[in-house]
Each structure stands twice: as C-alpha cells, then as structure tokens.
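# Close look at the chain arrangement
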Amino acid sequence: MIIQIVYLIYILGLGLTFGSFFNVVGLRLPLKQSFVHSRSQCPTCEYTLTWRDLIPVFSYLFLRGKCRRCGTKISPIYPIVELTTGVLFAVSYLIFGLHIELLISLIFISMLMIVFVTDITYMLIPDKLLLFFLPIFVILRIIHPLNPWWDSYIGGLAGLFTLALIIILSRGGMGAGDMKLMGVIGIVLGLQDTYLAFFFATLYGTVISGGLLLLKKIDRKQPIPFGPYIILGALTAYFFADSIVKWYVDTLW
Ligand SMILES: [Zn+2]
C-alpha cells in the first residue's frame, strides 16, 4: 500500500515536471527553436527565469500569474498543462498499475499535451511532432496489441478518413493537422474508441464553443482550433470507453 502511494506521488511529480517541458516544446517547436539549450525568458522584459520561477504550478500561484520583474501576465496555459499532465499521469497509474499500457498511456498523454499547446497557441499541429510519436505507437501496439491486433490499423484509417470527409464537406472547418492527429489517435484507441473520441470531440466542441459564443468570449468570425476538443474526446474515450459503452448497453438495451 505504502509503496503504491510512493509510486503515485512520484508519477504525479513526474507529470508536473514533464508538463512544464511540454509547454516549452509546444511553444518552441513551431518556431524551430531549440527546447533543450536556451533558458526560458519573460517575453516582455527578457528576465531569465530561475529555478524559483520554474516550479510547476506552484511558481505560477506564488507569482500570482505575473512576471517576477516586470509584472507581465503569464499565460494560465502553463499551469493548466502542468497540472493536467500531472493528474492524468497519476490517473493512468491508478487505472493501469505497472503495466505496459501505463507506458502507452503516458506517451499518449505526452503527445496530446504538446499538441494542445501548439494548437491553442499557433492553431497548428506540427507534422514533425506526429511523425515522432507515430512509430512509437505502432511499435507499442505491436508489443501490446488491441483485440483483434489489426484494430489499431483500422482505427488509424477510420480516424484519417472520417476527418478527411468532414474537411471536404465542411470546406475548412477543420485542418489537415486535425486529420493526421486523429489518425495517430486511432492507432492507440482502435476503431470503436476512435469513433467514441470523435463523438465526444464534436460534443465538447459544440457545447464549449457554443457557450463561449453565447457569453461573447469569442467572435463568430474568430477561428477556433478544433485540436483541443479532439484531445478531450480522445482522453475521454481512452480512459472511460469501457464504462461509457457498458452504461450505454445497460441503459438502452
Ligand atoms: Zn518580465
């Protein structure tokens, strides 16, 4: 029991730290900047951040979301990504334990978090990022296949073709990046859960974007990235598909 709690705290800490790294990768990758060598700076006053400014979540709270030197507001995306990564890493451990699916889960969350940062910041999902993760998921789904083993491949194809069809029909509502992302997600999830992910992405997109429009937080003409909804949908399907399908079958059949 104690050892499990130690693991849980360790994985939570790992997630918070990785979340901080995913922010850096997501912000710098589309600008073709190195995310290993240069230190982070405040974009306004060029104050170089020290360890005190880089503690995940806590630094943001302690600084009340402002630069230590010039008081420029720090984007809440940083602590949101850190906290979400930490919590999702911990949830993965609680669900899967020390199983190979935990590794798949942690890498899947990592990809989704970086995509979240690039898409919400630049409205862009870099090919380079998806091409980095694609072979990893293909290999991991060979080592630990879905049932049947080819479910990964039809899941991937279904993700690609469904979004391709929507791009053609909606003439620009979604981008090629969303389509490729859904293809990679399909390999991890398999056919049924890919459609479930897509269903939830559309549901979240309608409710959240609709809500923001009603509250006049966004403009009708302003383009909204769809990636974050795909990410939410994929996480819902990945973690809760079994419970959702069971509930659906129990309730309606
Ligand atoms: Zn500053």
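Above this text you will find the structure in question.
Residues numbered from 1 in each chain as written. Predicted model: local features only at pLDDT ≥ 70, side-chain atom pairs only at ≥ 80, totals over all residues. Heavy atoms only, no water.

On a plain count of helices and strands, the chain comes out with nine helices and zero strands. Starting at the N terminus and ending at the C terminus, the chain contains elements arranged as α-α-α-α-α-α-α-α-α. When the backbone C-alpha atoms are referred to their principal axes, the chain occupies close to 60 × 55 × 35 Å. Out of the 253 residues in the chain, the part that is buried amounts to 43%. Both charge centroids of the chain, one from 18 positive and one from 12 negative side chains, sit 13 Å from each other. (Helix = DSSP H or I, 4+ residues; strand = E, 2+ residues; numbered from the N terminus. Buried < 20%, exposed > 50% of the residue type's maximum accessible area, 1.4 Å probe, protein only. Lys, Arg positive; Asp, Glu negative; His and termini not counted. Charge placed at Lys NZ, Arg CZ, Asp CG, Glu CD.)

With that settled, the discussion passes to the pattern of salt bridges. If you walk through the whole model with that rule in mind, you get four salt bridges. Residue Arg 68 pairs with Asp 53 through a salt bridge whose shortest N-O separation is 2.7 Å. Separated by 15 residues along the polypeptide, Arg 68 in the loop between α2 (58–62) and α3 (77–96) and Asp 53 in the loop between α1 (2–28) and α2 bring together distant segments of the chain. Judged by relative accessible area, Arg 68 falls into the partly exposed class, the value being 29%. Judged by relative accessible area, Asp 53 falls into the buried class, the value being 12%. Here Glu 101 ties to Arg 141 by a salt bridge, and the two come within 3.0 Å at their closest N and O atoms. Residue Glu 101 is located in helix α4 (residues 100–122), and its partner Arg 141 is located in helix α5 (residues 127–143); the two are separated by 40 residues in the primary sequence. For the pair Glu 101 and Arg 141, one class covers both residues: buried. (Salt bridge = Lys/Arg side-chain N within 4 Å of Asp/Glu carboxyl O.)

Here Ser 209 lies in helix α8 (residues 191–214). Ser 209 gets classed as buried once you look at its relative accessible area, which sits at 12%. Once you skip the residues sitting within four places of it in the chain, Ser 209 turns out to touch Tyr 204, Ile 218, Ile 224 and Tyr 229. (Contact = heavy atoms within 4.5 Å.)

The final tally for this structure, using the stated rule, is 15 aromatic pairs. Centre to centre, the rings of Phe 96 and Tyr 238 are 5.8 Å apart; their planes meet at 55 degrees, and the pair counts as tilted. In this pair, Phe 96 is assigned in helix α3 and Tyr 238 in helix α9 (residues 227–252), connecting sequence segments 142 residues apart. Residue Phe 96 is classed as partly exposed on the basis of its relative accessible area of 24%. Grouped by ring-pair contacts, the aromatic residues Phe 96, Phe 108, Phe 132, Phe 133, Phe 137, Tyr 238, Phe 239 and Phe 240 constitute a single cluster. (Phe/Tyr/Trp six-rings, centres within 6.5 Å; stacked < 30°, edge-to-face > 60°.)

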